[in-house]
Amino acid sequence: MKLQTYLASSNKGELTFCLDSLQEGQNDMTAVVLVSGFSEPLCDMDYYFSKMAKYLYQQGNSVFQMDLFAHGDSTGKSEDITISKLMNSIMDVIEHAMSNGFSSIIIVSRGIMGTLISDYFASNSLVTKIIVVNPWYYSPAKSKELRKAIDNNSISFQLLLNGYCHGLEDLPQQIKDVINVYSELGVFNQAVSKEFIFGLLNFDYSNFEKVDKAVFLETNTDKSDVSIWKPEMGYRDSLDFDYISLVYNAIWHYNTYKTINKSIKGEL
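These notes cover the structure that comes with them. No experiment lies behind these values; they were computed from the predicted model shown. (Residues numbered from 1 in each chain as written. Predicted model: local features only at pLDDT ≥ 70, side-chain atom pairs only at ≥ 80, totals over all residues. Heavy atoms only, no water.)

1. Quick word on the pairing of strand β2 (residues 15–21)
- In terms of burial, β2 is a largely internal element, five of the seven residues being buried.
- Of the strand pairs in this sheet, strand β1 (residues 2–8) and β2 are connected by seven bridges, and their pairing is antiparallel. Across the sheet, Lys 2 pairs through a bridge with Ser 21, a residue of β2.
- Taking the residues between adjacent antiparallel strands as the criterion, β1 and β2 are bridged by six residues, where Gly 13 takes a positive phi near 80°.
- As paired elements, β2 and strand β4 (residues 62–66) share four bridges and run antiparallel to each other. Its bridge partner being in β4, Ser 21 is matched across the sheet by Val 63. (Buried < 20%, exposed > 50% of the residue type's maximum accessible area, 1.4 Å probe, protein only. Helix = DSSP H or I, 4+ residues; strand = E, 2+ residues; numbered from the N terminus. Pairing = 2+ DSSP bridges.)

2. Observations concerning the sheet that holds strand β5 (residues 104–110)
- The eight strands are arranged β1-β2-β4-β3-β5-β6-β7-β8 in an open sheet whose pairing can be described as mixed. Edge positions in the sheet fall to β1 and β8 (226–228), since each has one partner strand and no second. Strand-to-strand, the axes of this sheet are offset by a mean angle of 25°, without reference to chain direction.
- Taken together, the three bridges between strand β7 (residues 214–219) and β8 define a ladder with antiparallel strand orientation. (Axes fitted to C-alpha atoms, helices over the stretch in contact; angles between N-to-C directions.)

3. Remarks on helix α9 (residues 250–264)
- Look at α9: 21 Å from first C-alpha to last across 15 residues, which is about the 21 Å you get at 1.5 Å a residue.
- Among the residues making up α9, those that are buried are Trp 252, His 253, Asn 255, Thr 256, Tyr 257, Thr 259, Ile 260, Asn 261, Ser 263 and Ile 264.
- For α9, the secondary structure elements touched by its buried residues are β3 (30–35), α1 (48–58), β5, β6 (127–133), β7 and β8.
- The opening residue of α9 is Asn 249, an N-cap whose side-chain oxygen sits 2.9 Å from the backbone nitrogen of Ile 251.
- Positioned one or two residues after α9, Gly 266 has a phi angle of 75°, which is positive. (Expected span 1.5 Å × (residues − 1). Contact = heavy atoms within 4.5 Å. Polar contact = N/O pair within 3.5 Å; in protein donor to acceptor, adjacent residues only side chain to side chain.)

This is the structure:
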């Protein structure tokens, strides 16, 4: 059974859009909530999450595919995005799943959203597992250097929002590297607030580093699938963007779906 639902959001006056793919006549009370990468609608880039939703449903999972606050068909303005509003919209869908009779939730996400989710839902008893593809784990020292440059007006915030250093080509390479990493994560190239950007640049990794319900996956060496990654393997300071974003390869996509389903089923 497939349904399109607009949920009254805990973000006052807003609506959260959810696409439900529910199995009929089964006793599995675990639902899978799919959260696309930041700045992307629920289908994600190259329809990565829409194809994942279809695959996971075919494997017997009930799937809730959602648009984050100010994304896709959910309401809200991008300049009003905060970390808490993004998390509230995910909670809207979790509560919606619970109202449909599900008693536990597995969240699947990627990149920067997966990292924020792991932190925010680390102690939430309704969420039993979090699966993250290519999580964001960036050097706080480098992030704070960018924050400092913004505070000192060394960087125009409006130019920064263009992403990939457009209009900021004369900056030191170290700062440009940081901007390019955050650009690849989908943070720029839109009107977002300083509050949100500073929330990311000042992010505290303490929960993320130790959350025991999370399974972190990264693109493997030959970029054909994903394999287990752990925070102790170190910050993502490399500019190999395949390790923080999507690989544009149908084989990689399909193999990640199989690996994620194994994790959902407890086989990984």
